[in-house]
Amino acid sequence: MRTSLVLPLSVVALAAILPAAAHAGVASVNGAVGAAGAVCPHATVADAIAAAGPNDTVYVKPGTYTIAGQTISDNITIVSSNFTCASETDHLVTFVGNNVDRMFIVNGATVQFRDLTLRDNSIVDFGGLIWVVAGGSAIVDGSHLRDGTSSAGGGCVAVHTGGAVSLWNGAELTGCESLQGGGIYVDNGTALLMPGTSVNLSAATDAGGGIFARLSSLYVYGDVSDNTAGDNGGGIHVDASFGTSLAVVSGATITGNSSAAYGGGISHEPPYGTLTINGGTVISDNTAVDGGGVAMGDGTLGISGEATLANNAASDEGGGLWLHRLSNATLAGTGVGDIYISANTAGGHGGGLATDTPDVEATFVTFIDNVAAGRGGGVHGNNPLGSSETLSLQNTRFLRNSGSSGGGLYADGLDVEISSDFASCDTSSLAKERFCSEFRKNEATATSGAGGGIAAMNGAVLTVETTSFFQNSASQGAALGVHGSTSEALLRSGLVWDHPAGVAALEAVAGGDLEVRASTLVENGAPAI
């Protein structure tokens, strides 16, 4: 079944990437007599394309054809046909390259490749199988592109100078390799992956194992999986270092990708641009040095709806998500469906999230079962420049996370505001001891680890309101630990209960300042303060 989707594109841009129906004008391939006795009038694919007029359809008889440097400058559709060149068939036509020239050059036209296979070509340049230039558009409609290799960018597809590539109706790119953008490379253009399409098992020796986008608009609704990069962005790399880029990932699956540097699933390079991750997106089982799931430098990040970052791993910081000096970041679940950051791991700090971004706002986010070998099992917030930084958490839950200190949250020299908005969260779904923001069963694992729920260090300032702490554990401050003469915390209208014996639930050490107002402290195994 052919698919459609409302997209955030202009009418002009959308017209260039939508699949078209077959038109009446046809140019058929191969002079051999067809199985039913009809004649396909053209001896070669090149002859048929040359004979086709604007908006015609080229029917290609089943078989394997070598294509080398075929330039297309008219709007046409190329389809796999039956043996009489009279009607369409699925994937009975294969185009292969000569390992010298790219196969197709889409030059200022809109060309639809429908239900074809393009494979096996290696070149020294951009675009091993398809190169789009001069504002052209390649529509890959149900076709399979495989084993394309290029030295510069886009092992299978490269797009330049205002061009576009779009994948529809089960189209897939597999086994593509290049310097940047193993599958797709787009520079000053547009790329779109529709639901049910995929870029997988591809590799870049530099950045963007699956997709590389620079100065471009990228829309991913499909699957980007099992790709690798020798530098940033195992699945997707967005390069915004030379100007604004836009990347929207919505309802997509980004899984099993690997980066040797930042962003196993997705990386975004500073300083410009916006990365938006919408509901239904699953980013899982990716690996990197920093930002196992997602790594983002300067710019703007928005995550919304029921997005999931799960089972990602960073050998250093940010198992799920690593945010480095962004302009701002907003994580906004809906209340009906939280954003889940779960079961991610970091060899350093921030099992779920590591951030040194000035302003991070999180609403309806659940951090669950994340692990850091260093600090901040759920979240590690850092302020290395000593600037004004605020981490704002509302209706946010920390469940069963662990790190050496700050099992749930480790705040290092930044301001943190935590609260519940009972009007917007579904309190009927919560047990009576829970608040809409809570720290539950988190653990600081180090022998002298502080703050099973939260650790405030090195000048951090915490304001924690309408928040509950339950069964967290640490050597100092089972629920909340405040350390150092410049660190301070205020707990107001909160609940602290059922923490273990032998350790104060709330503890200030080394001159830390802790104030508790109008809060309930019950059933703790040691004096609560």
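All values derive from a computational prediction rather than experimental measurement.

**Structural notes on the side chain of asparagine 344**
Next, step 1: Within the secondary structure layout, asparagine 344 lies in the loop between strand 39 (339-342) and strand 40 (345-346).
Next, step 2: At 2.9 Å, the side chain of asparagine 344 forms a polar contact with the backbone nitrogen of asparagine 312.
Next, step 3: Apart from residues lying up to four places away in sequence, asparagine 344 is in contact with Leu309, Ala310, Asn311, Asn312, Gly319, Gly320, Gly351, Gly352, Asp369, Asn370 and Val371.

**A short note on the confidence of the model for the protein chain**
Next, step 1: Taken over all residues, the pLDDT of the protein chain has a mean of 90, while the share at 70 or more is 90%.
Next, step 2: Residue range residues 1-6 is modelled with pLDDT below 50. Its contacts to residues more than four positions away, or to other chains, number 13 contacts.
Next, step 3: Confidence over residues 30-37 falls short of pLDDT 50; this stretch has 19 contacts with residues more than four positions distant or in other chains.

**Some words on a negative patch on the surface**
Next, step 1: On the surface, Asp415, Glu417, Glu488 and Asp513 cluster together to form a negatively charged patch.
Next, step 2: Of note, aspartate 513 is situated in strand 60 (residues 513-517).
Next, step 3: Judged by relative accessible area, which is 43%, aspartate 513 ranks as partly exposed.

**A closer look at the pairing of strand 57 (residues 488-492)**
Next, step 1: The pairing of strand 54 (residues 461-465) with strand 57 spans 5 bridges and is classified as parallel. From the neighbouring strand, threonine 463 faces strand 57, where its bridge partner is leucine 490.
Next, step 2: Where strand 57 lies against strand 60, 5 bridges are found, and the strand directions are parallel. Bridge pairing in strand 60 links arginine 492 to arginine 517.

**Describing the state of the cysteines**
Each disulfide consists of a covalent bond between the sulfur atoms of two cysteine residues.
Next, step 1: Counted according to the given criterion, the structure contains 3 disulfides.
Next, step 2: Linked covalently through their sulfurs, cysteine 156 and cysteine 176 form a disulfide whose S-S length is 2.1 Å. Here the S-S torsion is close to -80°, and the disulfide linking cysteine 156 with cysteine 176 is therefore left-handed. Within this pair, whereas cysteine 156 is found in the loop between strand 12 (144-150) and strand 13 (157-159), its partner cysteine 176 is found in the loop between strand 15 (172-174) and strand 16 (177-178), the two being separated by 20 residues in sequence.
Next, step 3: Owing to a relative accessible area of 0%, cysteine 156 belongs among the buried residues under this scheme.
Next, step 4: Judged by its relative accessible area of 0%, cysteine 176 falls in the buried class.

Each value, and the rule that gives it
- Residues numbered from 1 in each chain as written.
- Predicted model: local features only at pLDDT ≥ 70, side-chain atom pairs only at ≥ 80, totals over all residues.
- Heavy atoms only, no water.
- Helix = DSSP H or I, 4+ residues; strand = E, 2+ residues; numbered from the N terminus.
- Polar contact = N/O pair within 3.5 Å; in protein donor to acceptor, adjacent residues only side chain to side chain.
- Contact = heavy atoms within 4.5 Å.
- pLDDT = per-residue confidence, 0-100.
- Patch = residues over 30% accessible without salt bridge, like charges linked within 9 Å, V, L, I, M, F, W, Y side chains within 5 Å.
- Areas by Shrake-Rupley, 256 points an atom, 1.4 Å probe, with all protein chains shown as cover.
- Salt bridge = Lys/Arg side-chain N within 4 Å of Asp/Glu carboxyl O.
- Lys, Arg positive; Asp, Glu negative; His and termini not counted.
- Charge placed at Lys NZ, Arg CZ, Asp CG, Glu CD.
- Buried < 20%, exposed > 50% of the residue type's maximum accessible area, 1.4 Å probe, protein only.
- Pairing = 2+ DSSP bridges.
- Disulfide = S-S within 2.5 Å.

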